[in-house]
Amino acid sequence: MKEKALNQISWDQFTKMSAEEKSPYFLTGNGTKSYHALVAQQFSRPMLEELCSLATYVRRIAKTREGCSFLQSRLFDKRAMLYFAQPSTRTYLSFDSACQTVGLDCMNVRDSSTSSEVKGESPEDTIRTFSSYTDLIIMRHPAGGFAERIAWLLSNTGRPVPIINAGSGKDQHPTQALLDIYTLERSFENIGGIDGKKVAFVGDLKRGRTVRSLAWLLAQYSGVKLYFVAPPELQIKKDILAQLDEAGVSYEVSHDFEKVIPEVNAIYMTRIQDEWDIDNESTRIDTTQFYFTKEYLNVLKKDAVIMHPLPRRKEIDVAVDCDPRAVYWRQVRNGMWIRSALILSIFGCDRRVRDYYEEHVQ
Ligand code: NCD
């Protein structure tokens, strides 16, 4: 997947492409590294492995004051803009912490009603303005594909800076998927890694962007089997299943949660994404049989894990939290490390971090 330049393609041609076809435009280093991080499809297996190992180096280096100071001096000369046009605390703070870990100064816009967008400025112009002040834009937006639009726009008519998609509409949340992969990798470290594992996605799979991105990343691992467990109205969309078919990944679409639980190595719970409801439609769907209750802990495999991108509602009983297989709070912490790793890698600091690790930590 050799890189291609975003300023050599028209917006019209670009929008007609699939996420996989777009991916080479987001890469650098002969297609081996991310310049932008916009879609899950741009991450190959070697890229995932490299980011996970870099995240571990960062995590271990950050244990000492000297290590923290080394990390903070990587990008002290750069600035990041956090543009979050959708509610967020977790992802926002995770990126904010990641930026602080690597020494990036952060500016933020968290509410577009405080920007000139209220004076009638287009969001595109607003972000074009930000790009004059910053070296990296991390953005969350309710419109699917908006981050891609900005990457294209800045490459063609602005000051090009890397863009990280921190959640776009109902379609993608690539950095959540990276932290999920990192968590799975760490959880299965002693039982052969992610290859060959069975992962169940449960809840609102139709509108949950985290599941869509993670399903694609899991397709990079051999012998995995995915289970999509949801009421029919909230089942995973056909486009994801078609991608899995093409990648030769085996999967099952089910509504029998109880049957799936003892079979799998990971259960990825999600909340009902009712902010997308048009006519309160999700209030008419009974989702209670898709809740993970404390009783289910007895049938879950001993070395399985329970995950959730958070925020949680009632889909995981709080009594489950103290079970060692519940790893959702660990996911949150892993997010900070993998996002730090991604930013370091985008700015080409990965080599220096590895050298420091080998010299001072190993
Ligand atoms: C998710 C999101 O925003 O898509 N949250 C997150 O980033 N951790 C999941 C959700 O909101 O349900």
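Quick caveat, the model's predicted, so the values are computed rather than measured. (Residues numbered from 1 in each chain as written. Predicted model: local features only at pLDDT ≥ 70, side-chain atom pairs only at ≥ 80, totals over all residues. Heavy atoms only, no water.)

**Digging into the overall build of the chain**
Part 1 of the argument: If you tally the helices and strands in the chain, you get 13 helices and 11 strands.
Part 2 of the argument: Rg of the C-alpha trace for the chain: 20 Å, near the compact-globule value of 21 Å for 362 residues, within the 12% margin.
Part 3 of the argument: For the chain, with 362 residues in total, the buried portion stands at 55%.
Part 4 of the argument: The contacts in the chain between residues at least 6 apart in sequence include a share of 74% that link residues at least 24 apart.
Part 5 of the argument: When the accessible area of the chain is evaluated, it comes to approximately 15700 Å², of which 48% is carbon and sulfur surface.
Part 6 of the argument: Computing the positive centroid from 47 side-chain charges and the negative centroid from 47, the chain places the two 3 Å apart. (Helix = DSSP H or I, 4+ residues; strand = E, 2+ residues; numbered from the N terminus. Rg over C-alpha atoms; globule rule 2.2 N^0.38 Å. Buried < 20%, exposed > 50% of the residue type's maximum accessible area, 1.4 Å probe, protein only. Contact = heavy atoms within 4.5 Å. Areas by Shrake-Rupley, 256 points an atom, 1.4 Å probe, with all protein chains shown as cover. Lys, Arg positive; Asp, Glu negative; His and termini not counted. Charge placed at Lys NZ, Arg CZ, Asp CG, Glu CD.)

**Details of the site of the ligand**
Part 1 of the argument: All residues adjacent to the ligand are T91, R140, H173, Q176, R209, T210, R271, Q273, P309, L310 and P311.
Part 2 of the argument: For the ligand, an oxygen atom lies 2.8 Å from a polar atom in the side chain of R209.
Part 3 of the argument: Here an oxygen atom of the ligand and a side-chain polar atom of R271 are 2.7 Å apart.
Part 4 of the argument: Burial of the ligand by the surrounding chains reaches 93%, relative to a free accessible area of 320 Å².
Part 5 of the argument: Taken together, the residues that form the shell around the ligand break down as 3 nonpolar, 5 polar and 3 charged.
Part 6 of the argument: Of the residues that make up the shell around the ligand, three or more belong to each of domain 1 (6-173 + 333-350) and domain 2 (174-332). (Near = heavy atom within 4 Å. Polar contact = N/O pair within 3.5 Å; in protein donor to acceptor, adjacent residues only side chain to side chain. Nonpolar A, V, L, I, M, F, W, Y, C, P; charged D, E, K, R; others polar. Domains from an automatic or database assignment.)

**A word on a negative patch on the surface**
Part 1 of the argument: Side chains of E20, E21, D245 and E246 sit close together on the surface and give a patch of like negative charge.
Part 2 of the argument: Every element with two or more residues in the negative patch is listed here: α2 (19-22) and α10 (238-247).
Part 3 of the argument: Exposure remark for E20: the relative accessible area of 38% places this residue in the partly exposed category. (Patch = residues over 30% accessible without salt bridge, like charges linked within 9 Å, V, L, I, M, F, W, Y side chains within 5 Å. Salt bridge = Lys/Arg side-chain N within 4 Å of Asp/Glu carboxyl O.)

**Quick word on the packing of aromatic side chains**
Part 1 of the argument: If you walk through the whole model with that rule in mind, you get 15 aromatic pairs.
Part 2 of the argument: Taken together, the ring pairs in this structure connect W11, F14, Y25, F26 and W152 into an aromatic cluster.
Part 3 of the argument: Taking the ring centre of F95 as reference, the NZ or CZ of R339 above it sits at 4.6 Å. (Phe/Tyr/Trp six-rings, centres within 6.5 Å; stacked < 30°, edge-to-face > 60°. Lys NZ or Arg CZ within 6 Å of the ring centre and 35° of its normal.)

**Some points on the nonpolar core**
Part 1 of the argument: If you look at the biggest cluster of nonpolar residues, it comprises 76 residues, and the most contacted ones within it are F201, F228 and I343.
Part 2 of the argument: Looking at this core, the element that brings in the most residues is helix α3 (residues 45-61), giving 9 residues.
Part 3 of the argument: Residues lining this core come from more than one domain, with at least three contributed by each of domain 1 (6-173 + 333-350) and domain 2 (174-332).
Part 4 of the argument: What I343 contacts, discounting residues up to four positions off in sequence, is L75, A98, C99, V102, L104, L136 and I164. (Core = buried A, V, L, I, M, F, W, Y, C linked by side-chain atoms within 4.5 Å.)

**A look at the domain arrangement of the chain**
Part 1 of the argument: By domain assignment, the chain separates into domain 1 (6-173 + 333-350) and domain 2 (174-332).
Part 2 of the argument: Inter-centroid distance (C-alpha atoms) of domain 1 to domain 2 is 25 Å.
Part 3 of the argument: The partner domain 2 presents 31 residues to the 39 residues of domain 1 that form the contact.
Part 4 of the argument: When domain 1 packs against domain 2, the two sides together hide about 3000 Å² of surface, and 56% of this comes from carbon and sulfur.
Part 5 of the argument: Three residues, K170, H173 and N334, lead the burial of domain 1 against domain 2; their summed loss comes to 25% of the area buried on that side.
Part 6 of the argument: For R45, the salt bridge identified is with D195, shortest N-O distance 3.0 Å.
Part 7 of the argument: The residue makeup of the side of domain 1 that touches domain 2, split by class, is 16 nonpolar, 13 polar and 10 charged. (Buried area = accessible area lost by both parts, 1.4 Å probe.)

**What about helix α9 (residues 209-218)?**
Part 1 of the argument: Buried residues dominate α9, accounting for 10 of its 10 residues.
Part 2 of the argument: Regarding α9, the residues found buried are R209, T210, V211, R212, S213, L214, A215, W216, L217 and L218.

**Side note on the sheet that holds strand β6 (residues 163-168)**
Part 1 of the argument: Spatial ordering of the open sheet is given by β4-β3-β5-β6, a layout of 4 strands whose pairing is parallel. Looking along the sheet, the strands with just one partner apiece sit at the ends: β4 (105-109) and β6. Put simply, the sheet's adjacent strands are angled 15° from each other on average, direction ignored.
Part 2 of the argument: Contacting β3 (79-84), β4 and β5 (136-141), helix α6 (residues 123-130) runs over the sheet at an angle of about 160° to β3. (Pairing = 2+ DSSP bridges. Axes fitted to C-alpha atoms, helices over the stretch in contact; angles between N-to-C directions.)

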